[in-house]
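Residue-level structure breakdown
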Amino acid sequence: MAEGEEDLPRDAKIVRSLLKSMGVEEYEPRVIHQFLELWYRYVVDVLTDSQVYSEHAGKQTIDCDDVKLAIQSKVNFSFSQPPPREVLLELARNRNKVPLPKAIPGPGIPLPPEQDTLISTNYQFAIPKKQPAQAMEETEDDEESAEPTSSQEPRTDVPHPTSQRVSFPLTKRSK
């Protein structure tokens, strides 16, 4: 363990002894602090609920019954028990009465429909709006008079919408 174990507070020593009694020999020192935080938070919640129950009953102080009631309400709402075995078996029988769909014979592994998979398309393309006819004519005139170059640069004389777009002509140029 860590050095200075004798300097640990009493609550930390209790957590350490609980871990040791459960057979946990190796753990990070932060584990004790995490258990202490959980422990303190749980105690504060129980005592706060106990105080509410005591005030509701018109008592000036919290007594043992208020604490028991607060703990019982925490257990009932925080920790849920699984349903009884008989209930689970009945649910399983009802579910298993419905036969599975027939497998489609074919090569490979059968996959679910594409809309039910995580590999289906989850985006849409934004189709750019067509430029006005006058702007298109200017663009075509500029392309015809331009000399072919090894690299194309984005046009800066055409007004762009708020998002910046770069366009390149798709027609082949003859040399």
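Structure's up top.
Okay, so let's go over this structure. Here the residue numbers are simple positions, counted from 1 along each chain's written sequence. Per-residue local features of the predicted model are confined to residues with pLDDT of at least 70, and side-chain atom pairs are confined, for both listing and counting, to 80 or more; whole-chain, interface and lining totals are unaffected and use all residues. Side-chain metrics rest on all non-hydrogen atoms present in the structure, leaving aside hydrogens and water.

Considerations on the overall build of the protein
Convention followed: Comment: elements are numbered from the N terminus, with helices defined as DSSP H or I runs of at least four residues and strands as E runs of at least two. Residue exposure (1.4 Å probe, protein chains only): buried if accessible area is under 20% of the type maximum, exposed if over 50%, otherwise partly exposed. We call two residues in contact when some of their heavy atoms are within 4.5 Å. All accessible-area figures derive from a Shrake-Rupley calculation using a 1.4 Å probe, and residue coverage is judged against the displayed protein chains alone.
Within the protein, the regular secondary structure consists of 5 helices and 0 strands. A burial count over the protein gives 9% of its 175 residues as buried. Taking contacts inside the protein between residues at least 6 apart in sequence as the whole, the part at least 24 apart equals 39%. Accessible surface for the protein amounts to roughly 16700 Å². Of this, 57% is attributable to carbon and sulfur atoms.

Brief notes about helix H1 (residues 10-21)
The condition is simple: Helix span, expected: 1.5 Å multiplied by one less than the number of residues in the helix. Within this analysis, the arc is defined by the directions that extend from the helix axis to the C-beta atoms.
Here H1 spans 16 Å end to end across 12 residues, near enough to the 16 Å set by a 1.5 Å rise per residue. Turning to H1, its buried residues number three or more, namely Asp 11, Ala 12, Val 15, Arg 16 and Leu 19. Taken down its axis, H1 places every buried residue within 140° of arc, on the same side. Of the exposed residues in H1, the ones pointing more than 90 degrees away from its buried face are Arg 10, Lys 20 and Ser 21. Buried residues along H1 sit against helix H2 (29-56).

Re the nonpolar core
For clarity, the threshold we go by: Each nonpolar core is a collection of buried residues, namely Ala, Val, Leu, Ile, Met, Phe, Trp, Tyr and Cys, held together in the definition by side-chain atoms within 4.5 Å.
Ala 12, Val 15, Leu 19, Tyr 27, Ile 32 and Leu 36 together form the largest nonpolar core, which totals 6 residues. Of all the secondary-structure elements, those providing two or more residues to this core are H1 and H2. Ranked by residues supplied to this core, first place goes to H1 with 3 residues.

What about a nonpolar patch on the surface?
What counts is decided by this rule: Only residues whose relative accessible area exceeds 30% and that take part in no salt bridge are eligible for patches, with like-charged residues grouped when within 9 Å of each other and nonpolar side chains (Val, Leu, Ile, Met, Phe, Trp, Tyr) grouped when within 5 Å. Salt bridges are identified by distance alone: a Lys or Arg side-chain nitrogen within 4 Å of an Asp or Glu carboxyl oxygen.
Taken together, Trp 39, Tyr 40, Tyr 42, Val 43, Leu 47, Ile 71, Val 75 and Phe 79 make up a surface patch of nonpolar side chains, about 690 Å² in accessible area. At the level of elements, H2 and helix H3 (64-78) are the ones that each hand at least two residues to the nonpolar patch. Among the elements that make up the nonpolar patch, the one with the highest residue count is H2 (5 residues). Its place among the elements puts Tyr 40 in helix H2.

Overview of the pattern of salt bridges
As enumerated under the stated definition, the model contains 7 salt bridges in all. The partner of Lys 59 in a salt bridge is Asp 63, with the nearest N and O atoms 3.0 Å apart. Residue class for Lys 59 comes out partly exposed when judged on its relative accessible area of 30%. With relative accessibility at 30%, the residue Asp 63 sits in the partly exposed group. Its salt-bridge partner being Lys 59, residue Asp 66 comes within 3.1 Å of it at the nearest N-O pair. Take Asp 66: its relative accessible area is 5%, and that puts it in the buried class. Overlapping salt bridges, with partners in common, bring together Lys 59, Asp 63 and Asp 66 in one network.

Remarks on the packing of H2 against H3
For clarity, the threshold we go by: Angles run from 0 to 180 degrees between N-to-C directions of axes, and those axes are lines fitted to C-alpha atoms, restricted for helices to the stretch in contact. Any angle that is under 35 degrees is reported as roughly parallel, and any over 145 degrees as roughly antiparallel; angles of 65 to 115 degrees are reported as roughly perpendicular and all others as oblique. For any helix crossing, the convention is left-handed if the near helix is rotated counterclockwise from the far helix by under a right angle, and right-handed if that rotation is clockwise. Think of it as three bins: nonpolar holds Ala, Val, Leu, Ile, Met, Phe, Trp, Tyr, Cys and Pro, charged holds Asp, Glu, Lys and Arg, and polar takes everything else, Gly as well.
Close contact between H2 and H3 brings their axes to 8 Å; oriented N to C, the two are set at 120°. As far as their axial angle goes, H3 and H2 are oblique. Viewed along their axes, H2 and H3 form a crossing whose handedness is right-handed. On the side of H2, the interface is formed by Tyr 42, Asp 45, Val 46, Asp 49, Ser 50, Tyr 53 and Ser 54, while H3 contributes Asp 66, Val 67, Leu 69, Ala 70, Ile 71, Ser 73 and Lys 74. Classifying every residue of the contact of H2 with H3 by side-chain character gives 7 nonpolar, 3 polar and 4 charged.

Distances and angles like these do not, on their own, reveal function.
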